[in-house]
Amino acid sequence: MRASAKTRYAMEAMVDMAMQSVASPVALREIARRQEISPNYLEQIFVQLRAAGLVRSARGAGGGFVLGRSPSDIRLAEIAAVFEGPIDLIGCASDVGRCSRSVSCAVRRVRVEAGECMKKALDSGSLQDVADPQASKEAGATLTGDKLRKRV
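Residues numbered from 1 in each chain as written. Predicted model: local features only at pLDDT ≥ 70, side-chain atom pairs only at ≥ 80, totals over all residues. Heavy atoms only, no water.

Visitor: Which residues make up the overall build of the protein chain, and what are the values?
Guide: On a plain count of helices and strands, the protein chain comes out with eight helices and two strands. Counting from the amino terminus, helix and strand elements in the protein chain follow one another as α-α-α-β-β-α-α-α-α-α. Out of the 152 residues in the protein chain, the part that is buried amounts to 37%. A separation threshold of at least 6 residues defines the contact pool for the protein chain, and within that pool the share at least 24 residues apart is 65%. Approximately 8,800 Å² of the protein chain is accessible, and the part contributed by carbon and sulfur atoms is 49%. (Helix = DSSP H or I, 4+ residues; strand = E, 2+ residues; numbered from the N terminus. Buried < 20%, exposed > 50% of the residue type's maximum accessible area, 1.4 Å probe, protein only. Contact = heavy atoms within 4.5 Å. Areas by Shrake-Rupley, 256 points an atom, 1.4 Å probe, with all protein chains shown as cover.)

This is how it looks when you write it as structure tokens:
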């Protein structure tokens, strides 16, 4: 699976929000500027994030978006699922009846295990884990701006 641009940008934008004040709404134009993402494209992404309950909108002066839950409670896998659907490398991983060769396929087991590793990695990381500068230093990575884009 290769993450779509929407998934990558959604993760970047939500990490950006987690790095800002969690209580205050963050304007999309500010996120777009910091992350170098088209504001119009980011609006489309946030419509889907809002529908999934991962962000909430705040109207009026000083409005924008806030995270739907605490950054430590939002998993990267949740963000990916909004845009990618179930995280499976192959369709028969979750639906054996999808392919007549699923039971006898020699490669299926390896693909299923690889998919499980990917799911585990995305599910083990929260927005807080990625946004926390100290955790990023300990992991030996800088996770802001275009560097996050290259890493995801």
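Visitor: So, unusual backbone geometry: which residues are in play, and what are the values?
Guide: Only a minority of non-glycine residues have a phi that is not negative, and only a minority of peptide bonds are not trans. Although it is not a glycine, glutamate 36 sits at a positive phi angle of roughly 55°. Relative to the helices and strands, glutamate 36 resides in the loop between helix H2 (28–35) and helix H3 (39–51). Given the relative accessible area of 63%, glutamate 36 is considered exposed.

Visitor: So what about the environment of alanine 131? Which residues, and what values?
Guide: When you line up the elements, alanine 131 lands in helix H6 (residues 127–131). For alanine 131, a relative accessible area of 6% gives the class buried. Spatially, the C-alpha atoms of alanine 131 and proline 71 are 8.5 Å apart, while their sequence positions differ by 60 residues.

Visitor: Explain the pairing of strand S2 (residues 64–67) to me, using residue names and the numbers behind them.
Guide: Bridge count between strand S1 (residues 55–58) and S2: four bridges; the pairing is antiparallel. When the sheet's bridge partners are listed, valine 55 is paired in S2 with leucine 67. Linking two consecutive strands that pair antiparallel, namely S1 and S2, is a turn of five residues; a positive phi of about 90° is found at glycine 60 within it. (Pairing = 2+ DSSP bridges.)

Visitor: Give me the lowdown on the pattern of salt bridges, citing residues and values where you can.
Guide: Oppositely charged side chains can form a pair if their charged atoms are brought close together. According to the stated counting rule, one finds four salt bridges in the structure shown. Arginine 33 is paired through a salt bridge with glutamate 30; the nearest N and O atoms lie 2.8 Å apart. Here arginine 33 and its partner glutamate 30 are both found in helix H2, three residues apart, which amounts to about one turn of the helix. Of the residues examined, arginine 33 reaches a relative accessible area of 54% and is grouped as exposed. With a shortest N-O distance of 2.6 Å, glutamate 78 and arginine 69 are connected by a salt bridge. Take glutamate 78: its relative accessible area is 27%, and that puts it in the partly exposed class. (Salt bridge = Lys/Arg side-chain N within 4 Å of Asp/Glu carboxyl O.)

Visitor: Got a sec to walk through the nonpolar core? Specific residues and values, please.
Guide: What tends to happen in soluble globular proteins is that the nonpolar side chains get buried as a cluster. By size, the foremost hydrophobic cluster in this structure holds 33 residues, and its most contacted members are Met14, Leu42, Phe46, Leu49, Ile79 and Leu127. Secondary-structure elements contributing two or more residues to this core are helix H1 (5–19), H2, H3, S2, helix H4 (76–84), helix H5 (108–124) and H6. Considering every element that reaches this core, the biggest residue donor is H1, with eight residues. Setting aside anything within four residues of it in sequence, one finds phenylalanine 46 in contact with Ala13, Met17, Leu28, Ile31, Val55 and Phe65. (Core = buried A, V, L, I, M, F, W, Y, C linked by side-chain atoms within 4.5 Å.)

Visitor: I'd like to hear about the packing of H3 against H4, residue by residue, with values.
Guide: Describing two packed helices takes the angle between their axes plus the distance from one axis to the other. Two numbers describe how H3 lies on H4: the axes approach to 10 Å, and their chain directions differ by 110°. With respect to H4, the element H3 is oriented roughly perpendicular. Taken as a pair, H3 and H4 cross one another with a handedness that is right-handed. Residues Ile45, Gln48 and Leu49 of H3 touch H4, and the partners they reach there are Ile79, Val82 and Phe83. For the contact of H3 with H4, a count of residues per class yields five nonpolar, one polar and no charged. (Axes fitted to C-alpha atoms, helices over the stretch in contact; angles between N-to-C directions. Parallel < 35°, antiparallel > 145°, perpendicular 65-115°, else oblique. Left-handed = near helix turned anticlockwise from the far one by under 90°. Nonpolar A, V, L, I, M, F, W, Y, C, P; charged D, E, K, R; others polar.)

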